[in-house]
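This is what each chain is made of:
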Amino acid sequence: MTAIDPDSLAALPRSAGVYIFRGEGTLPIYIGKSVDIRARVMSHLRAPEEAEMIAQTRRIDFIGTAGEIGALLLEARLIKAQMPLFNVRLRRLRSLCAIRLDGDMQTGLTPAMIDSKDHDLATTPGLYGLFASRHAAQRRLRELADQHRLCLALLGLEKTARRGCFGLQIKQCLGACAGLEDRAVHDQRLFSALLDSQVQTWPFAGAVDLVETQGDWVQRHRVSHWRYVGTWCSRTGPQAVADQPEAFDLDSYKILVKPIMLGSACIEPVPT
């Protein structure tokens, strides 16, 4: 028998937005998003693995949005600001790390770790992967080395001797470190392995608005260099983001990169 306020359940719409599970205290215990708030909340209530969260829930509020992008951006911002107990995703990261390939195909490519504290990841070209730490980036390089028989020594992950790296001794490395494989062939495998994780640089000169509509309802989500700045809503007016991130934000990037780069979102430049 649920203790959730029935009126709050009855008010849930069949449209896009963010829903907020609230318990006895003032802070939310869970925040989610959906293009159909009512259907998604009802699926939570039926999930046995979420029984603990449901038992603590007393009311479910919602904030409607004109589209899915607005719901995603709002969810990410609210979770970072309020840190609900049962949300394990979308927590704010202090910094990010990416991989850059230094050198060229003639002299050899060497992975370098680039930190968001020292570089603007939105405008730095030639970056691959986005990681929570240098250790996570190195772990990914090791995974790629196993998958593509790359040399850990040439990746800067271990030392090598005159006879080559340890991977060569166990026949994991193809021998670029000892001259048994052409270095350019090795580096082409490395480049190809990283290509799918390339970080897209911000493709505009300045800020843009992503426009979503639902009937006569219009929301304009302002974005600059993959940073979510705020939303102007035809129903409520400006909705500024008080905790605007100062650095590259991974979650905003993941939400925005596909609709922006594929051109599937309605985008309008912001006049300067």
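Small disclaimer: the values here were computed from a predicted structure and weren't measured.

Caption draft 1: Representation of the sheet that holds strand S1 (residues 17-22). The three strands lie next to each other as S2-S1-S3, forming an open sheet whose pairing is antiparallel. The open sheet has two edge strands, strand S2 (28-34) and strand S3 (59-64), and neither has a second partner. Taken over all neighbouring pairs, the strand axes of this sheet differ in orientation by 20° on average, direction set aside. Of the strands in this sheet, S1, S2 and S3 are in contact with helix H2 (residues 37-45), which crosses S1 at around 35°. Packed onto the sheet, helix H4 (residues 68-82) meets S1, S2 and S3 and runs at close to 165° relative to S2.

Caption draft 2: Here's a closer look at the state of the cysteines. By the definition in use, this model includes zero disulfides. For Cys177, which is in no disulfide, the shortest distance to another cysteine sulfur is to Cys151 and amounts to 3.6 Å. What makes Cys177 buried here is its relative accessible area of 19%.

Caption draft 3: Seen up close, the pattern of salt bridges. In the structure shown here, the tally under the stated rule is 14 salt bridges. For the salt bridge of Glu181 with Arg189, the shortest nitrogen-to-oxygen distance reads 2.4 Å. Since its relative accessible area comes to 12%, Glu181 is described here as buried. What you see here is one network of salt bridges that share partners, running through Asp209, Arg220, Arg222 and Glu268.

Caption draft 4: Examining the pairing of S1 more closely. With respect to burial, S1 is a largely interior element, six of its six residues being buried. Across six bridges, S1 lies against S2 in antiparallel orientation. In the sheet register, Gly17 faces S2, and the bridge partner there is Ser34. Between the antiparallel neighbours S1 and S2 lie five residues. Taken together, the six bridges between S1 and S3 define a ladder with antiparallel strand orientation.

Caption draft 5: Structural context of the environment of Gln200. With respect to the secondary-structure elements, Gln200 resides in the loop between helix H7 (183-195) and strand S7 (208-214). C-alpha separation for the pair Gln200 and Gly17, spaced 183 residues apart in sequence, amounts to 27 Å. The contacts of Gln200, once residues within four sequence positions are left out, are Trp226, Tyr253, Val257 and Met261.

Caption draft 6: Expanded view of unusual backbone geometry. The residue Met83 is not glycine, and still its phi comes out positive at about 50°. Following the sequence through the fold, Met83 ends up in the loop between H4 and strand S4 (97-104). Of note in the backbone geometry, Trp226 takes a positive phi value of approximately 65° without being a glycine. By secondary structure assignment, the location of Trp226 is in the loop between strand S8 (217-224) and strand S9 (227-233). The buried category is assigned to Trp226, whose relative accessible area is 0%.

Caption draft 7: Expanded view of the side chain of Glu181. When you line up the elements, Glu181 lands in the loop between helix H6 (166-169) and H7. Of note is the side chain of Glu181, whose polar atom sits 2.4 Å from the side chain of Arg189. Non-local contacts of Glu181, meaning those with residues more than four positions away in its chain, are made with Leu174, Gly175, Ala176, His186 and Arg189.

Caption draft 8: View of the sheet that holds strand S5 (residues 108-115). Here we have three strands laid out as an open sheet, ordered S5-S4-S6, and antiparallel in their pairing. Taken across any chain shown, the strands that pair with only one partner, and hence form the sheet edges, are S5 and strand S6 (127-131). Taking the axes of each pair of neighbouring strands and ignoring which way they run, one obtains an average angle of 25° across the sheet. Strand direction decides the pairing type here: S4 and S6, joined by three bridges, are antiparallel. Considered in S6, the bridge of Ile99 is made with Tyr128. Lying over the sheet, H7 contacts S4, S5 and S6, oriented at roughly 35° with respect to S5.

Caption draft 9: Spotlight on the packing of H4 against helix H8 (residues 250-261). Packing of H4 against H8 brings their axes to within 9 Å, and their N-to-C directions diverge by 170°. Taken together, the axis directions place H4 and H8 in an arrangement best described as roughly antiparallel. Side by side, H4 and H8 meet where Ile69, Leu72, Leu73, Ala76 and Lys80 of the first sit next to Asp251, Ser252, Ile255, Leu256 and Pro259 of the second. Here the residues of the contact of H4 with H8 are counted per class, giving seven nonpolar, one polar and two charged.

Caption draft 10: Broad picture of the environment of Gln172. The topology assignment puts Gln172 in the loop between H6 and H7. Judged by its relative accessible area of 25%, Gln172 falls in the partly exposed class. Linking Gln172 and His148, residues 24 residues apart in sequence, is a C-alpha distance of 9.2 Å. Leaving out residues up to four positions away in the same chain, Gln172 has contacts with Ala145, Asp146, Arg149 and Gly167.

About the thresholds
- Residues numbered from 1 in each chain as written.
- Predicted model: local features only at pLDDT ≥ 70, side-chain atom pairs only at ≥ 80, totals over all residues.
- Heavy atoms only, no water.
- Pairing = 2+ DSSP bridges.
- Helix = DSSP H or I, 4+ residues; strand = E, 2+ residues; numbered from the N terminus.
- Axes fitted to C-alpha atoms, helices over the stretch in contact; angles between N-to-C directions.
- Contact = heavy atoms within 4.5 Å.
- Disulfide = S-S within 2.5 Å.
- Buried < 20%, exposed > 50% of the residue type's maximum accessible area, 1.4 Å probe, protein only.
- Salt bridge = Lys/Arg side-chain N within 4 Å of Asp/Glu carboxyl O.
- Polar contact = N/O pair within 3.5 Å; in protein donor to acceptor, adjacent residues only side chain to side chain.
- Parallel < 35°, antiparallel > 145°, perpendicular 65-115°, else oblique.
- Nonpolar A, V, L, I, M, F, W, Y, C, P; charged D, E, K, R; others polar.

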